[in-house]
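# Tertiary structure, described
Each chain is listed here by its residues.
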Amino acid sequence: MALSFRQTEILELARAEGRVAVEDLAQRFDVTLQTIRRDLSDLADAGHLDRVHGGAVVRTGVANIGYEARRRMNEAAKAAIARACAAAIPDNCSLIMNLGTTTEAVARELLTHRNITVITNNMNVANILVGNPGCEIVVAGGALRRTDGGLVGELTTQFFEQFKVDYAVIGVSALDRDGDLLDFDLAEVRVSKAIIRQSRKVHLVCDHSKLDRSAPARLASLSEITMMFTDLPLPADLARKCEGWGTEVSVAEVQGA
């Protein structure tokens, strides 16, 4: 398929941001909503994007979106989720924080917490929390994933098995409508499973876009999560499942939304 200039730019925007919205694109290019919908449908038919309600996302399912693109996606939502999650974590506690840009946002919100111990396989989280003198930082061993500063592998899994902490703060690549948490890297999945096992309470930080994505490896179920922090209400059927499982869902208020 030969892309028009506008379609090429739409695809570049989607790759940079992870998601594009019909209304935003119509304003940007000064065309009708229907024109943008046709462009997105053409891009989806060509295998470049997946259509979602109100827009489109970069096609995934085999490989994750690049770290820098993920870091820029839904920044306001991630900040709101991070504030809500950090507010639910008291001083004088221990926690494990895994990989993910939303987890890193939580780390920034923990900079004023006192007397906390953070154990992490995320080099970015460790570097952020260096700014908190009241935080003891313990970094896992393992193979360094240069793309995002993550430490993964069997050594990392064994490392986490030496601890039992008050809280885990975990991110995830995708969340399906059955409540399964999904990811792309089996080595990372094994690490995250160990983190869940070794934590008394598990907090999932996950913005609404993860419901529009897919990934091949199952990490856990929302039934194993103590509390989920997100930015939009869950679909009704999934919300009912969470209620039955006893999984609390906190919907953060996004500033400027």
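It should be emphasised that the depicted structure is a prediction, and the values quoted were computed from it without experimental measurement. (Residues numbered from 1 in each chain as written. Predicted model: local features only at pLDDT ≥ 70, side-chain atom pairs only at ≥ 80, totals over all residues. Heavy atoms only, no water.)

## Considerations on the sheet that holds strand β6 (residues 135-139)
- Reading across the sheet, the 7 strands line up as β6-β5-β4-β9-β12-β14-β15 and stay open at both edges, with parallel pairing between neighbours. Whereas interior strands pair on both sides, the edge strands pair on one side only; in this sheet they are β6 and β15 (248-251). Taking the axes of each pair of neighbouring strands and ignoring which way they run, one obtains an average angle of 20 degrees across the sheet.
- Across 5 bridges, the pairing between strand β5 (residues 116-120) and β6 is parallel. Across the sheet, Thr-120 pairs through a bridge with Val-139, a residue of β6. (Pairing = 2+ DSSP bridges. Helix = DSSP H or I, 4+ residues; strand = E, 2+ residues; numbered from the N terminus. Axes fitted to C-alpha atoms, helices over the stretch in contact; angles between N-to-C directions.)

## Here's the deal with the state of the cysteines
- All chains considered together, the criterion is met by 0 disulfides.
- The thiol of Cys-93 is unpaired, and the distance to the nearest cysteine sulfur, on Cys-135, comes to 9.4 Å.
- On the basis of relative accessibility, which here comes to 11%, the residue Cys-135 falls in the buried class. (Disulfide = S-S within 2.5 Å. Buried < 20%, exposed > 50% of the residue type's maximum accessible area, 1.4 Å probe, protein only.)

## Structural notes on the packing of aromatic side chains
- Counted under the stated rule, the structure contains 2 aromatic pairs.
- On the basis of an interplanar angle of 75 degrees and a centroid distance of 5.6 Å, the ring pair of Phe-159 and Phe-160 is categorised as edge-to-face.
- Aromatic pair Phe-159 and Phe-163: ring centres 5.1 Å apart, planes at 55 degrees, arrangement tilted.
- Clustering of aromatic rings is evident, with ring pairs tying together Phe-159, Phe-160 and Phe-163. (Phe/Tyr/Trp six-rings, centres within 6.5 Å; stacked < 30°, edge-to-face > 60°.)

## Side note on the pairing of strand β3 (residues 55-58)
- Bridge count for strand β1 (residues 19-21) against β3 is 3 bridges, and the pairing is antiparallel. Following the sheet pairing, Ala-21 is matched in β3 by Gly-55.
- Two strands pair when backbone bridges link them, and strand β2 (residues 49-52) and β3 are joined in this way by 4 bridges, in the antiparallel orientation. Paired with Arg-51 across the strands is Ala-56, a residue of β3.
- Hairpin connection from β2 to β3: 2 residues lie between these consecutive antiparallel strands, with Gly-54 at a positive phi of about 85 degrees.

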